[in-house]
Amino acid sequence: MSTVYRRAGRLLIGTLVLYGLLVATHRGEFWPFSIYPMFSQAGQPWSRVIVHEVPQAWTPAWDTVSLDKLHGKPFALKQVGQGNKDISEYVARTKDWTPERISGLRALLSPASSQRNLLVIQARGRLSERDSLIVEHVPLLLLKPDTSFVHPRLSSPS
Amino acid sequence: MEYSRNDLVHQPSQSAIPSGRWASFLSTVFNFDAEETKLERWFGKAFELFILAVSVRYSWFWALQIQSFQVVVEPVGVGSHVDLSFLLGSPSAFVLAGLVTAVIVLGYTRRWRYGYFAAIILMHILFAARFSQGKIMHSSYLAAMAFLGIALAVSAFDTESVRRRFALGFTFLFCGLGYTFAGICKLVGTGLSWPNGQHLRMWIGEKAVDTYATHGAVDLNVIQNLVLDHYELATAILIVGLFTELVGFLMWRPCFRFPLLVGLLGLHVGIFLTMNIVFAVTTLVLCLLAIPALGFWTGHIGVSERLALLVCRRDRGQDSLGAPHTGSRFRKTGCASLLDCRFPPRPVHPMPVLLSYSCFRPRPSGRLRRLLR
């Protein structure tokens, strides 16, 4: 085999070995190597965040409702240059809403979070027993320019 | 064999054609022996430029997005070992992006052989900081693997034609492997029930919420409404998509590249129509890869050869390929060589040799030249 092919073969094997080692030790993701697990967990419940703008005088209501009963009007996240995925993951992975975590969420929604009253709602989707899609909307946080309110069942800011 | 740092075509010796299964595999993937045409050379340069431009764009875009983050939610990559929170909300990210641009320029001008490797490492740090919020987006992976192939080619080989062949073969191989991994993950993660149409309906609902959150309103298109109303259609779409991914590994063989690329482009069109997810850069890379892949087919099926043969065919009881009516010979030059997938069909009439060569088909290898004598 010529030198060129031998070298190419070694590079290929080396890349594959490195690929395997890195994805095996980093939960399947080590850019640019990946096992591409997108959409692999089918049929599982999902959660996403939507944001509504509510009036200044609005009293926080934390009931789980359907989309048509949500308070306020939709706030498009493209206005703050954010995609929904980052904010949804941030909210989903936050167990304790400490002042630091609330500040991080405000940073993601800035500058609107310091100018408007934003209601952060978590949309939770799941399949019912009759295989139809059910989506419930749970208000989680109310971010006012000068203060924040958290759902009573989550940790409150100190 | 001699190599030069100048842009000379690699000239293999007759004994360079590899033997053995591993060598045969490498020959099929990389095809170093075929002479490079002028348009292949220009395609290779354009492809490299495109990948570099995309990489620079990603670097600056990630640096910009990092500015709005304050907290590392879920460390990824090198972020699992090194605290990258110093990059969040800091202009340091732009310094990194500037360094990426600089080393890419050094690599492209061939002033620093390992410039591309340095760029990949710096981009990885930016990636780890950008996607530290818990959700990883995979739009950059295909272009990144192509970039890695180019980086390996520039650092390991001296001849530009060999570098281009290696980079292209590497990209095809890992493109196909990536999609196959994705298909396997789906079967491992969910099992054989993955193509259940209800799953697609759930994802459509999920993406509809994403669209509502991002734009403030959502309107389902015709395809989405059809999928929601017809369970069988949803299941069929998922089955076709899963099959297309699982057979992606066949892209190592040139004869399968173009059909697979068409299938994968269809997969991404389907993903866009059903779930509003756009893999813009991935789609562009696939479209670019279709150019040399199509070039193999126009040469392999011998479109121009067949035309030349039809024009120049003598009335000697020959079939449309110009071969005499001996079935075994036709099978050898037609279907068998098609399945062989490595060399064009053996033309019988000399005219095709003179008239046929399409833009991206390599000139006949030494083996074919011997057959034609």
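Residues numbered from 1 in each chain as written. Chains lettered and ligands numbered in written order. Predicted model: local features only at pLDDT ≥ 70, side-chain atom pairs only at ≥ 80, totals over all residues. Heavy atoms only, no water.

(A) Region of the structure containing the overall build of chain B. Across its full length, chain B carries 14 helices and zero strands. Listing each helix as α and each strand as β along chain B from the N terminus yields α-α-α-α-α-α-α-α-α-α-α-α-α-α. When the 373 residues of chain B are sorted by exposure, 53% land in the buried category. If you take every contact in chain B between residues at least 6 apart in sequence, the share linking residues at least 24 apart comes to 72%. A total accessible area of about 16,700 Å² is found for chain B, and carbon and sulfur atoms account for 66% of it. (Helix = DSSP H or I, 4+ residues; strand = E, 2+ residues; numbered from the N terminus. Buried < 20%, exposed > 50% of the residue type's maximum accessible area, 1.4 Å probe, protein only. Contact = heavy atoms within 4.5 Å. Areas by Shrake-Rupley, 256 points an atom, 1.4 Å probe, with all protein chains shown as cover.)

(B) Representation of the nonpolar core within the structure. Counting 140 residues, the largest nonpolar core has Leu 105 of chain A together with Phe 166 of chain B as its most contacted members. When residues of this core are assigned to their parent elements, the largest contribution, 14 residues, is made by helix α5 (residues 141-156) of chain B. Those residues within four positions of Leu 105 of chain A in sequence are excluded, and the remaining contacts are Ile 87, Tyr 90, Val 91, Trp 97, Val 120, Leu 141 and Leu 143 of chain A. (Core = buried A, V, L, I, M, F, W, Y, C linked by side-chain atoms within 4.5 Å.)

(C) Geometry of the side chain of Asn 84 of chain A. Residue position: Asn 84 of chain A is located in helix α2 (residues 84-92). Polar contacts involving the side chain of Asn 84 of chain A include one to the side chain of Asp 210 of chain B, which spans 2.5 Å. With near-sequence residues (within four places) excluded, Asn 84 of chain A lies in contact with Arg 48, Val 49 and Leu 77 of chain A together with Val 209, Asp 210, Ala 213 and Thr 214 of chain B. (Polar contact = N/O pair within 3.5 Å; in protein donor to acceptor, adjacent residues only side chain to side chain.)

(D) View of the interface of chain B and chain A. Every contact between the two is made by 76 residues of chain B and, on the other side, 63 residues of chain A. Buried area between chain B and chain A, summed over both chains or domains, comes out near 6,400 Å², and the portion from carbon and sulfur atoms is 69%. Considering only the surface of chain B that becomes buried against chain A, Tyr 141, Met 202 and Tyr 212 of chain B emerge as the three largest contributors, covering 11% of it. Between chain B and chain A we count five salt bridges in total. Among the ionic pairs, Asp 210 of chain B bridges to Arg 48 of chain A, the shortest N-O distance being 2.6 Å. Taken together, the connections running from chain B to chain A amount to 26 residue pairs in polar contact (both at pLDDT 80 or more). Contributing elements (two or more residues each) for the side of chain B that touches chain A: α1 (21-30), α4 (115-130), α5, α6 (160-190) and α7 (197-215) of chain B. The element best represented in the side of chain B that touches chain A is α7 of chain B, accounting for 14 residues. Here the side of chain B that touches chain A is built from residues that sort into 45 nonpolar, 22 polar and nine charged. (Buried area = accessible area lost by both parts, 1.4 Å probe. Salt bridge = Lys/Arg side-chain N within 4 Å of Asp/Glu carboxyl O. Nonpolar A, V, L, I, M, F, W, Y, C, P; charged D, E, K, R; others polar.)

(E) Highlighting α1 of chain B. In terms of burial, α1 of chain B is a largely internal element, seven of the 10 residues being buried. Every buried residue of α1 of chain B is accounted for by Ala 23, Phe 25, Leu 26, Ser 27, Thr 28, Val 29 and Phe 30 of chain B. Lining the buried residues of α1 of chain B we find α1 (3-25) of chain A together with α6 and α10 (254-275) of chain B. Phi turns positive, to about 55°, at Asn 31 of chain B, one or two residues after α1 of chain B.

(F) Region of interest: the packing of aromatic side chains. All told, the structure shown has 26 aromatic pairs over all chains when counted by the stated rule. Seen from their ring centres, Tyr 36 of chain A and Tyr 141 of chain B are 5.7 Å apart, and the 70° between their planes marks the pair as edge-to-face. You can see Tyr 36 of chain A sitting in the loop between β2 (33-34) and β3 (46-53) and its partner Tyr 141 of chain B sitting in helix α5, one on each of two chains. Members of the aromatic cluster, joined through ring pairs, are Tyr 5, Tyr 19 and Phe 33 of chain A together with Phe 30, Phe 32, Phe 157, Phe 166, Phe 170, Phe 174 and Phe 181 of chain B. The side chain of Lys 45 of chain B reaches across the aromatic face of Trp 42 of chain B, ending 5.0 Å from its centre. Positioned over the ring face of Phe 172 of chain B is Arg 257 of chain B, at 4.2 Å from the centre of the ring. (Phe/Tyr/Trp six-rings, centres within 6.5 Å; stacked < 30°, edge-to-face > 60°. Lys NZ or Arg CZ within 6 Å of the ring centre and 35° of its normal.)

(G) Summary view of the packing of α4 of chain B against α5 of chain B. All names here are of chain B. Their axes nearest at 9 Å, the elements α4 and α5 cross at an angle of 155°. Considering the angle they form, α4 stands roughly antiparallel to α5. Note on packing geometry: the crossing formed by α4 with α5 is left-handed. Across the interface between the two elements, Tyr 116, Phe 117, Ala 119, Ile 120, Met 123 and Phe 127 from α4 touch Tyr 141, Phe 147, Leu 148, Ile 150, Ala 151, Leu 152, Val 154 and Ser 155 from α5. Considered class by class, the residues forming the contact of α4 with α5 number 13 nonpolar, one polar and no charged. (Axes fitted to C-alpha atoms, helices over the stretch in contact; angles between N-to-C directions. Parallel < 35°, antiparallel > 145°, perpendicular 65-115°, else oblique. Left-handed = near helix turned anticlockwise from the far one by under 90°.)

(H) Looking closely at the sheet that holds β3 of chain A. Residue and element names in this part refer to chain A. Reading across from one edge, β4-β3-β5-β6-β7 is the order of the five strands in this open sheet, with antiparallel pairing throughout. The strands lining the two open edges of the sheet, one partner per strand, are β4 (73-74) and β7 (148-150). Both strand β6 (residues 133-143) and β7 contribute to a ladder of three bridges, which runs antiparallel. Across the sheet, Leu 141 pairs through a bridge with Val 150, a residue of β7. (Pairing = 2+ DSSP bridges.)

(I) The pattern of salt bridges, seen in detail. One pass over the full model with this rule turns up 17 salt bridges over all chains. Between Arg 93 of chain A and Glu 89 of chain A there is a salt bridge; the shortest N-O distance is 2.8 Å. We classify Glu 89 of chain A as buried; its relative accessible area is 16%. Residue Glu 160 of chain B is joined to Arg 163 of chain B by a salt bridge in which the shortest nitrogen-to-oxygen separation is 2.6 Å. Taken together, the residues span about one helical turn, with Glu 160 of chain B and Arg 163 of chain B both in helix α6 at a distance of three residues. For Glu 160 of chain B, a relative accessible area of 11% gives the class buried. Residues joined in a network through salt bridges with shared partners are Arg 27, Glu 89 and Arg 93 of chain A together with Glu 74 of chain B.

(J) Structural detail: the environment of Val 103 of chain B. All names here are of chain B. Tracing the sequence through the fold places Val 103 in helix α3 (residues 92-108). A relative accessible area of 10% places Val 103 in the buried class. C-alpha separation for the pair Val 103 and Val 269, spaced 166 residues apart in sequence, amounts to 35 Å. Sequence-distant contacts of Val 103, that is, excluding residues within four places in its chain, are made with Trp 112, Gly 115, Ala 118, Ala 119 and Leu 122.

(K) Structural detail: a nonpolar patch on the surface. Taken together, the side chains of Ile 13, Val 17 and Leu 21 of chain A together with Trp 22 of chain B present a nonpolar region at the surface, about 370 Å² in accessible area. Mapped onto the secondary structure, Leu 21 of chain A falls in helix α1. (Patch = residues over 30% accessible without salt bridge, like charges linked within 9 Å, V, L, I, M, F, W, Y side chains within 5 Å.)

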